[in-house]
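Summary of the model geometry
Listed below, chain by chain, are the residues.
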Protein chains: 2
Amino acid sequence: MIELDPASLHPALTDPALTAMNFLNEVASCYPDAVSFAPGRPFEEFWDVAQIPRYLERFCEHLRKDRGMDEAAVVRTLHQYGRTKGVIADIVARHLGADEGITAAPDAVVVTVGCQEAMVLVLRALRATDRDVVLAVDPTYVGLTGAARLVDMPVLPVASGAEGVDREDLARCVAEARAAGLRPRALYVMPDFANPTGLSMPEEGRRALLETAEREDILLLEDNPYGLFCGAAERPPTLKALDTTGRVVYLGSFAKTVLPGARVGYVVADQRVRGSAGIFADELAKIKSMITVNTSPISQAIVAGRLLENDGSLDLANTAERHQYQRNLSQLIDGLGRRLGSVPGVSWNQPRGGFFVVVTVPVAVGDAELEYSGRAHGVLWTPMRHFYGGAGGEHQLRLSCSSLDGDRIEQGLDRLAAFLIEAITSAGGICER
Amino acid sequence: MIELDPASLHPALTDPALTAMNFLNEVASCYPDAVSFAPGRPFEEFWDVAQIPRYLERFCEHLRKDRGMDEAAVVRTLHQYGRTKGVIADIVARHLGADEGITAAPDAVVVTVGCQEAMVLVLRALRATDRDVVLAVDPTYVGLTGAARLVDMPVLPVASGAEGVDREDLARCVAEARAAGLRPRALYVMPDFANPTGLSMPEEGRRALLETAEREDILLLEDNPYGLFCGAAERPPTLKALDTTGRVVYLGSFAKTVLPGARVGYVVADQRVRGSAGIFADELAKIKSMITVNTSPISQAIVAGRLLENDGSLDLANTAERHQYQRNLSQLIDGLGRRLGSVPGVSWNQPRGGFFVVVTVPVAVGDAELEYSGRAHGVLWTPMRHFYGGAGGEHQLRLSCSSLDGDRIEQGLDRLAAFLIEAITSAGGICER
């Protein structure tokens, strides 16, 4: 039997961005009965098997009534190869208008196999030479780092600051990169309840960031999977809603708002391309045609069915989910306070929405500690270390509250508090026990 | 409004492999009423909208009965994020045993978003440095070329010969590449009814190719979308079924045998990786986790449902389809004979299965001629030129018979004959009219 030499395989395969996910999944599978604050998975209790056929039928009805298709055309739309950019671009555009204040031409939308593919398309397009680099707020979503590794594109970290992006550090980073002969193409940013920090940018900061992007001549890659899961109060507009010059490429996901199993996301890319009749979305579609050909129209139909059932509004569709996540988040933050409020050196942030809270502790909380926490205390979380491009996060852990119910949150917090107090009081040696 | 400089985007975007598809789609959309022998789309008349929910339900029943899942686990399997390698690997492996004589461990299977993603995964893994190249039988499937462009991997053409691959040319090509400091990693080949040539390799040639691969120390990437659509007679074993040393990475597609809209393919990669407990499939899964995360479990369920309805056999499932494609192919070949059999310089091959026939003519048949054919004669086909890495195919066109019924084939052949006879008799100037 032949053996492949690992040194003869792409270097991304030994990069922490790709191996970390594997490690975290392995830990999770070792302790299936642990309470897990680790994954950003959506809440499952609103789902049932009957809804998929119902969504499909709703979309078929739309094809018949609103698009005037006969039965053969309906069958063809769902079963056959289809348009590379997708068959629900108009429905996605309508949702963006209704829920996000974004005016998107359907032709600027490329429906993708989850937001992950959207990131791959954009980074692949922008990595034209070995001078091209992408900037990302540090700590950042590991999916962005992984996509960049696969297109051989360096990721330069920009400080997050207290509001989601440190604009001075951004300008400094761009200048340094240019001085080194590099070409910074874009900043990846999640302005609403960011993964992993939970931070959100105020409106003023968003406007200022758009100005900085204009001045520095870079694109902004705005990723917004959590924006809809906000509190009742004010929600600042998305960067794309404020964008008047085409600086923003908007990345969307239906994983949290419809269901992850459909694997449907999208990108809005309305930038003009010099000397071409088309726009950036057309270039992204060309790349997509050679990665996944097109997004499953059946998956698209499921997403569209849910939107159509709710007058095109994802916000309306997620009323129950939004309340659930808000309750979970409050319970998590309150529960941390009751258990750890008086422990010196332990603190956490208090996002008003989204899935994530970051806890800072006076001891290291890395992979070894996670493994111990699962084994000895039956509770899992994510070491923040994995989200940093350089040093950072050694004393922080990310808690996600999205997939648990109230009882499990309480149980998990009891276990987490026991673990942390043990770790702090036995500083240094916890994993060797 | 900002404008992106096309020179600042990845060079694949102006490569013929990516732009050809766009051109061909545009021609098709300009002449929607033309009879099209162009696309390798499956026949649509066996499909109906009720089958998707039925396949889904069949898979859910399998989860409950055969895997012992409760309802929450069934819902989770279909709706939630899932295993990167897929949730139907065992069902795929069973099909490979039943229909292809391939013994595949389920763990060696990675379910992908169509076969296209499988090609991207394999090429991305094998392109470790700028020395790594892939070989492909010339002319070759444009999806392979496109995937290679996106991972910056050169494709070196190997002559096809009369039997699907010229082994002497392969050895010469490998030696030349090595002499030039390159590292040839694999040969991409479609041994059964190849796209675009329709050629099949005899069993002896397959055994000899495996020996050549062994001697030259390269992998074989075996792509097999059409193998099941063969005549009643003998069908030689797949390369993977003959592979005893792990030389073959097997690429599979359910686009033609279940439905393209599910976007489900897979790769079997059982090669060991030195110094690792895992196999090549595990490395491919790491890459997949950063391209599409996982293949939609709903799409996987549809494919599995069809297989489960047919005792795990795709061959059994496609009884009616196989007869349809055989009828279409015979009708196409017979019809060419009746109309063009006595025209000097016109010839075609006679594959015993698959979707494609190649016609050779004494005049150029490129993009301009295709456009004219659509406009003036209402018939479309694919210029073979698009499938060649270097020169070649200028006087050849590919006809696909898969998506048409008998009447349309006759009508299309009348139009094609009229076009070709006009093109031949007015040699040179047809498109300027």
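Residues numbered from 1 in each chain as written. Chains lettered and ligands numbered in written order. Predicted model: local features only at pLDDT ≥ 70, side-chain atom pairs only at ≥ 80, totals over all residues. Heavy atoms only, no water.

All names here are of chain A. Ordered in space as β11-β12-β15-β14, the four strands form an open sheet in which the pairing is antiparallel. The two strands at the open ends of the sheet, each matched to only one other strand, are β11 (347–348) and β14 (382–383). Pairing geometry for β14 and strand β15 (residues 396–400), over two bridges, is antiparallel. In the sheet register, threonine 382 faces β15, and the bridge partner there is arginine 398. (Pairing = 2+ DSSP bridges. Helix = DSSP H or I, 4+ residues; strand = E, 2+ residues; numbered from the N terminus.)

Residues and elements named next belong to chain A. Orientation of helix α1 (residues 16–30) relative to helix α6 (residues 142–150), taken along the N-to-C sense of each, is 130°, at an axis distance of 8 Å. Comparing their axes, α6 and α1 come out oblique. On α6, the residues touching Ala17, Leu18 and Met21 of α1 are Val142, Thr145, Gly146, Arg149 and Leu150. (Axes fitted to C-alpha atoms, helices over the stretch in contact; angles between N-to-C directions. Parallel < 35°, antiparallel > 145°, perpendicular 65-115°, else oblique. Contact = heavy atoms within 4.5 Å.)

Moving on, we come to the packing of aromatic side chains. All names here are of chain A. Going through the model one piece at a time under the given rule, you end up with 22 aromatic pairs over all chains. Between tyrosine 226 and phenylalanine 356, the ring centres sit 5.3 Å apart and the planes meet at 85°, which makes this aromatic pair edge-to-face. Of the two residues, tyrosine 226 sits in the loop between β7 (219–223) and α9 (239–242) while phenylalanine 356 sits in strand β12 (residues 356–360), which places them 130 residues apart along the sequence. Like tyrosine 226, the residue phenylalanine 356 is buried in the burial classification. Taken together, Tyr226, Phe229, Tyr325, Phe355 and Phe356 form an aromatic cluster joined through their ring pairs. (Phe/Tyr/Trp six-rings, centres within 6.5 Å; stacked < 30°, edge-to-face > 60°. Buried < 20%, exposed > 50% of the residue type's maximum accessible area, 1.4 Å probe, protein only.)

Quick look at the interface of chain B and chain A now. In this complex, chain B contributes 89 residues to the contact, which on the side of chain A involves 89 residues. In total, about 7,800 Å² of surface goes out of reach between chain B and chain A, with carbon and sulfur atoms giving 63% of it. Per-residue buried area on chain B facing chain A is highest for His79, Tyr81 and Met290 of chain B; these three make up 11% of the total on that side. Seen at the junction of chain B and chain A, the total is six salt bridges. The residue aspartate 152 of chain B makes a salt bridge to arginine 124 of chain A at a minimum N-O spacing of 3.3 Å. Summed over the shared surface of chain B and chain A, the number is 42 residue pairs in polar contact (both at pLDDT 80 or more). Classifying every residue of the side of chain B that touches chain A by side-chain character gives 45 nonpolar, 22 polar and 22 charged. Pairing geometry for strand β10 (residues 272–273) of chain A and strand β1 (residues 3–4) of chain B, over two bridges, is parallel. Residue arginine 272 of chain A lies in a different strand from β1 of chain B, and its bridge partner there is glutamate 3 of chain B. (Buried area = accessible area lost by both parts, 1.4 Å probe. Salt bridge = Lys/Arg side-chain N within 4 Å of Asp/Glu carboxyl O. Polar contact = N/O pair within 3.5 Å; in protein donor to acceptor, adjacent residues only side chain to side chain. Nonpolar A, V, L, I, M, F, W, Y, C, P; charged D, E, K, R; others polar.)

For side chains bearing opposite charge, pairing can occur when the charged atoms are close. Residues and elements named next belong to chain B. Tallying each qualifying case throughout the model produces 68 salt bridges over all chains. Of the charged contacts in the structure, one is a salt bridge between aspartate 132 and arginine 185, with a shortest N-O distance of 3.0 Å. Placement of aspartate 132 in strand β4 (residues 132–138) and of arginine 185 in strand β6 (residues 183–189) is noted, with a sequence separation of 53 residues between them. Across the pair, exposure class does not vary: aspartate 132 and arginine 185 are buried alike.

As a further point, take the sheet that holds strand β6 (residues 183–189) of chain A. Residues and elements named next belong to chain A. One open sheet holds the seven strands; their spatial order is β3-β9-β8-β7-β6-β4-β5, and the pairing between them is mixed. At either end of the open sheet lies a strand with only one pairing partner, and these are β3 (109–112) and β5 (155–159). If you compare each strand with its neighbour and ignore which way they point, the axes differ by 25° on average. Note: strand β4 (residues 132–138) against β5, five bridges, orientation parallel. Bridge pairing links alanine 136 to proline 157 in β5. The strands that helix α5 (residues 114–126) touches are β3, β4, β6, β7, β8 (248–253) and β9 (265–268); relative to β8, the one it contacts most, it runs at about 155°.

Here chain B sits on chain A after a turn of 180° about the axis and a move of 0.0 Å along it, with an RMSD of 0.0 Å. Expressed as an axis order, the relation between the two copies is that of a two-fold axis. Across chain B, the smallest distance between a C-alpha and the rotation axis is recorded for proline 53 of chain B, namely 2.9 Å. Mapped onto chain A, 100% of the interface residues of chain B are again interface residues, and the two copies thus contact each other with one and the same surface. (Least-squares fit on C-alpha atoms with pLDDT ≥ 70 in both.)

Our focus in this paragraph is helix α8 (residues 203–216) of chain B. Note that an α-helix has 3.6 residues per turn; residues three or four places apart therefore point the same way. Residue and element names in this part refer to chain B. Here α8 is 14 residues long and its end C-alpha atoms lie 20 Å apart, about the 20 Å a rise of 1.5 Å per residue gives. Here α8 has its buried residues at Gly205, Arg206, Leu209, Leu210, Thr212, Ala213 and Glu216. End-on view of α8: buried residues confined to an arc of 160°, all on one side of the axis. Among the exposed residues of α8, those oriented more than 90 degrees off its buried face are Glu204, Glu211 and Arg215. Taken together, the buried residues of α8 touch α7 (167–179), β6, β7 (219–223), α9 (239–242) and β8 (248–253). (Expected span 1.5 Å × (residues − 1). Arc of directions from axis to C-beta.)

In this section: the domain arrangement of chain A. All names here are of chain A. Domain parsing of chain A yields domain 1 (10–39 + 318–432) and domain 2 (52–316). Just the C-alpha atoms count here: the centres of domain 1 and domain 2 sit 28 Å apart. Contact residues are listed per partner, giving 27 residues for domain 1 and 27 residues for domain 2. Both faces combined, the contact of domain 1 with domain 2 buries some 2,300 Å², and carbon together with sulfur accounts for 55% of it. A per-residue breakdown of the area domain 1 buries against domain 2 is headed by Asn318, Arg322 and Phe387, which together make up 26% of the total. Between the two partners, domain 1 and domain 2, sit three salt bridges. For arginine 306, the salt bridge goes to glutamate 321, with nearest N and O atoms at 3.3 Å. Here domain 1 and domain 2 share 15 residue pairs in polar contact (both at pLDDT 80 or more) between them. Every element with two or more residues in the side of domain 1 that touches domain 2 is listed here: α1, α13 (319–340) and β12. (Domains from an automatic or database assignment.)

Every buried residue belonging to helix α3 (residues 71–79) of chain A is among Ala73, Val74, Val75, Thr77, Leu78 and His79 of chain A, and all of these are buried. For α3 of chain A, the elements touching its buried residues are α2 (51–65) and α11 (297–309) of chain A together with α2 (51–65) of chain B.

All names here are of chain A. Note that the residue after aspartate 138, namely proline 139, is joined by a cis bond; omega there is 5°. Along the chain, proline 139 turns up in the loop between β4 and α6. Cis geometry marks the peptide bond from asparagine 195 to proline 196, where omega comes out at 10°. Topologically, proline 196 is positioned in the loop between β6 and α8 (203–216). For aspartate 217, which is not glycine, the phi dihedral falls at a positive 55°. Relative to the elements of secondary structure, aspartate 217 occurs in the loop between α8 and β7.

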